[in-house]
Amino acid sequence: MITIDNVHYSYASNIEALKGVSLTINDGDFIAIMGQNGAGKTTFIKHFNGLLKPTSGTVHVNGIETTKTSVATLAKNVGFVFQNPDNQLFSETVEDEIAFALKNFKYDKKTIEEQVTWALDFFSLTQYRKTSPFLLSGGERKRVALASVLAWNPDALVLDEPTIGQDHEQKEKLRQFIIQLHAKKKTVIMVTHDVEFVAECNPRVILMRDGKIIADGIAKNILTNPTLLEESSIVLPQIAQIFTKLYPLGLPTDIIDITEAETILLAANAKKQEQLT
Amino acid sequence: MSVFDGLKFRKVSSPIHNLDPRIKFIYVIAIFISAILFSQILPLAILFLMQLPFVFLAGVQKQWVKSLRGAAFLATFIFVINIVTKFFYNNWTIQFSDIEIALSMTMRFVVLVESFSVFFLTTSPDYLGLALEQSRMPYEFAFAFTTAVRFVPVLAEEAQTIMDAQKARGLELEKGNLLKRIRNYIPILVPLIVSAIRRSLELAEAMESRAWGAVKKRTNLYLLKLHKGDYILISITAIILITTLYLRFFVTIPSITYYINLISNFFS
């Protein structure tokens, strides 16, 4: 459980990036943090594993205050995948890259071997086991970065812009993977601008603006609120846009799921056919 | 990465900021030469103190202290290496004069860092490029130099992100003995170098696609001209150089050890 209580954070340049943020993240929560550039999203999530310590206010991870422990200790519970994989790849082989964190956390050889094999297999990277990560494509490097964090099986996973540069297949795989983690009662927190991806994942959505949380609720409620989204420079998911336009037909407007949309439209169509006959 | 903070230019106006970069550079080189020529603590300490008026006139005390703090690690390293080598060389004994020499070497390094820090803190990269061009350096070289200077803060920021990413994977930079600590920096340096190379390739492509180098003869919007302050600084520089050469070659500079021996002899 991560508890954030009235956190303010200012950078050395005196820019106040967070202006009093409070939030409770329960074990097993699946959260998408959204908001325009410069809203403080990345600053906020860097507090979850102690990379940044609040200027005032407190952050507790599993009851431990982040100022009272090291990033390495917190990282064991909270895995953090950075936006740009090139900011972390350095090993000679993909295998070494994935084993790096496991070695830092002092796992024994056998566990490291097992976990690396599992992570390689999970992200379809087994064929690149002995390849240099620098020779891989952008999407593959991103997967190596993900694998290198997932390998130690943290309780919570923080993903900064996970869908950037990924094709549809990889995005779908990522979604499946998040659903699997969620089913295993892992906490998943992602920062993203990809509104369609969020609509498909259907998580709890937190909207941020100017270093504050302006909305917190289920995706269905937040992603169909045009005024709220406009304030954060986010456009409605395409399905929600269609249903907003179809409002005069008496259809509901809070729809973001394709299957749900299909059911409603088919029902409406059947009703119309019935009326005609 | 506080060393880089000490080199980051901020646009403000002060008598030092407004000086001609060429003259300032000559001044820094003069200090550089003086620092190399002297190996005694006294003149090096004077060279160190001589920079202070510049720092205060320019109003960059905070950043300047940061750059010194950033250099502290290397300075300590230089001091320790000097002491240790002397220690082994003199059959496991250490004398006061050895400590003084080690201190002088450290002081020399600090003076170099200090003067370059003042130079970069008070000189905009644009003016630096302009200075190089007007000193008849080919535009390509001048451009490469300004770009390198301009990218220092960008790289520093990137280094910070990389450090965060590796810390998030359990890397503890401040753990272990000296050798381990140096090795801890490999996961930081490799991504930094790789991304710097990648960035330079991308920059080259972007510049070429915007027709860089299409015009052979370039003109500049701003031209550098010498003012009163510049003439004062060049005079100061000349005085420093002449004094240095005179002191170095015609005067025996006393060491602190010499005075200490003198005093102890007096009392015994």
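Residues numbered from 1 in each chain as written. Chains lettered and ligands numbered in written order. Predicted model: local features only at pLDDT ≥ 70, side-chain atom pairs only at ≥ 80, totals over all residues.

Q: Explain the environment of Ser235(B) here, please?
A: Residues and elements named next belong to chain B. Relative to the elements of secondary structure, Ser235 occurs in helix 10 (residues 228-250). Classification of Ser235 as exposed rests on a count of 10 C-beta atoms within 10 Å. Between the alpha carbons of Ser235 and Tyr27 there is a distance of 9.8 Å; along the sequence they are 208 residues apart. (Helix = DSSP H or I, 4+ residues; strand = E, 2+ residues; numbered from the N terminus. Buried ≥ 20, exposed ≤ 12 C-beta atoms within 10 Å, placed from the backbone.)

Q: Whenever I open this one, the interface of chain A and chain B confuses me. Can you help?
A: Note: interface size is frequently given as the accessible area lost on complex formation between the parts. Between chain A and chain B, the residue contacts involve 21 residues of the former and 17 residues of the latter. Secondary-structure elements contributing two or more residues to the side of chain A that touches chain B are helix 2 (71-75), helix 3 (94-104) and helix 5 (138-150) of chain A. Residues that form the side of chain A that touches chain B fall into these classes: 13 nonpolar, 6 polar and 2 charged. (Contact = placed C-beta atoms within 7 Å. Nonpolar A, V, L, I, M, F, W, Y, C, P; charged D, E, K, R; others polar.)

Q: What is the right way to look at the domain arrangement of chain B in this model?
A: According to the domain assignment, chain B contains domain 1 (1-123 + 227-268) and domain 2 (134-225). A C-alpha centroid distance of 27 Å is found between domain 1 of chain B and domain 2 of chain B. (Domains from an automatic or database assignment.)

Q: When you look at the packing of helix 2 (residues 21-37) of chain B against helix 5 (residues 96-122) of chain B in this model, what are you seeing that I'm missing?
A: To characterise two packed helices, one gives the angle between the axes of the helices and the distance between these axes. All names here are of chain B. The geometry of helix 2 relative to helix 5 is characterised by a closest axis approach of 10 Å and an angle of 180° between their N-to-C directions. Taken together, the axes of helix 2 and helix 5 lie roughly antiparallel to each other. Seen from helix 2, the contacting residues are Lys24, Phe25, Val28, Ile31, Phe32 and Ala35; seen from helix 5, they are Arg108, Val111, Leu112, Ser115, Phe116 and Phe119. The residue makeup of the contact of helix 2 with helix 5, split by class, is 9 nonpolar, 1 polar and 2 charged. (Axes fitted to C-alpha atoms, helices over the stretch in contact; angles between N-to-C directions. Parallel < 35°, antiparallel > 145°, perpendicular 65-115°, else oblique.)

Q: Would you mind going over the domain arrangement of chain A with me for this structure?
A: Residue and element names in this part refer to chain A. The domains assigned to chain A are domain 1 (1-70 + 185-233) and domain 2 (237-277). Inter-centroid distance (C-alpha atoms) of domain 1 to domain 2 is 33 Å. At the junction of the two partners, domain 1 supplies 10 residues and domain 2 supplies 9 residues. Mapped by element, the contributors of at least two residues to the side of domain 1 that touches domain 2 are helix 7 (195-201) and helix 8 (219-222). Grouping the amino acids of the side of domain 1 that touches domain 2 by side-chain chemistry returns 5 nonpolar, 3 polar and 2 charged.

Q: Would you explain the sheet that holds strand 5 (residues 64-65) of chain A in this entry?
A: Backbone hydrogen bonds are what pair the strands of a sheet, in a parallel or an antiparallel way. All names here are of chain A. Spatially, 2-1-4-5 is the arrangement adopted by the 4 strands of the open sheet, whose pairing is antiparallel. For this open sheet the edge positions go to strand 2 (16-25) and strand 5, each flanked by a neighbour on one side alone. Sheet topology note: the strand 1 (residues 2-10)/strand 2 ladder contains 7 bridges and is antiparallel. Following the sheet pairing, Val7 is matched in strand 2 by Val21. (Pairing = 2+ DSSP bridges.)

Q: Help me understand the nonpolar core in this model?
A: Counting 86 residues, the largest nonpolar core has Ile33(A), Ala147(A), Ala151(A), Val198(A) and Leu223(A) as its most contacted members. Excluding residues that lie within four positions of it along the chain, Ala151(A) makes contacts with Ile98(A), Ala101(A), Leu102(A), Gln115(A), Val116(A) and Ala119(A). Counting 27 residues, the second largest nonpolar core, distinct from the first, contains Tyr27(B), Ile41(B), Val55(B) and Val60(B). (Core = buried A, V, L, I, M, F, W, Y, C linked by C-beta atoms within 7 Å.)

Q: Got a minute to help me understand the sheet that holds strand 7 (residues 156-160) of chain A in this structure?
A: All names here are of chain A. Strand order in the open sheet formed by 6 strands is 6-7-8-3-9-10, with mixed pairing between adjacent strands. Either end of the sheet is taken by a strand with one partner, and the two such strands are strand 6 (78-81) and strand 10 (212-218). On average, each strand axis in the sheet is inclined to that of its neighbour by 15°, with strand direction left out of account. As judged from the 4 bridges shared by strand 6 and strand 7, these two strands associate in the parallel manner.

Q: Could you clarify how one ought to interpret the packing of helix 6 (residues 125-134) of chain B against helix 7 (residues 139-167) of chain B in this entry?
A: All names here are of chain B. At their nearest, the axes of helix 6 and helix 7 sit 9 Å apart, and the two run at 160° to each other. Looking at the two axes, helix 6 sits roughly antiparallel to helix 7. In the packing of helix 6 onto helix 7, the handedness of the crossing is right-handed. Only Tyr139, Ala142, Phe143, Phe145, Thr146, Val149 and Arg150 of helix 7 make contact with helix 6, whose side of the interface consists of Pro125, Leu128, Gly129, Leu132 and Glu133. Split by residue class, the contact of helix 6 with helix 7 holds 8 nonpolar, 2 polar and 2 charged. (Left-handed = near helix turned anticlockwise from the far one by under 90°.)

Q: Even after reading the chapter, I still don't get helix 10 (residues 238-245) of chain A, so can you show me in this structure?
A: Residue pairs spaced three or four apart in an α-helix point in one direction, given the helix's 3.6 residues per turn. Residues and elements named next belong to chain A. All buried positions along helix 10 are accounted for by Ile239, Ala240 and Phe243. All buried residues of helix 10 project into a common sector of 95° when viewed along the axis, lining one side. For helix 10, the secondary structure elements touched by its buried residues are helix 7 and helix 11 (258-276). (Arc of directions from axis to C-beta.)

Q: Would you take a moment to explain the environment of His168(A) for this structure?
A: For His168(A), the location among the structural elements is in helix 6 (residues 168-183). On a C-alpha basis, the gap between His168(A) and Phe197(A) in space is 10.0 Å, while along the polypeptide they are 29 residues apart.

Q: Sorry, what's going on with the pairing of strand 8 (residues 187-191) of chain A here?
A: Note on strand geometry: in a regular strand, side chains alternate between the two faces of the sheet. All names here are of chain A. Of all 5 residues that make up strand 8, 5 are buried, and the element is covered over most of its length. Of the two faces of strand 8, the one carrying Thr187, Ile189 and Val191 and the one carrying Val188 and Met190 are both buried. With 4 bridges joining them, strand 3 (residues 30-35) and strand 8 adopt parallel strand pairing. Note on strand 8: the bridge partner recorded for Ala32 is Met190. In this structure, strand 7 lies alongside strand 8, joined through 5 bridges in parallel fashion. What sits directly across from Leu159, in strand 8, is Met190.

Q: How do you make sense of helix 2 of chain B when you look at a structure like this?
A: All names here are of chain B. Under the 1.5 Å per step criterion, the end-to-end length of helix 2 is 24 Å for 17 residues, consistent within 8% with the ideal 24 Å. Along helix 2, the positions that sit buried rather than exposed are Pro21, Ile23, Lys24, Tyr27, Val28, Ile31, Ser34 and Ala35. Viewed along the axis of helix 2, the buried residues span an arc of 165°, placing them on a single side of the element. Residues of helix 2 that are buried sit in contact with helix 3 (41-58), helix 5, helix 6 and helix 10. (Expected span 1.5 Å × (residues − 1).)

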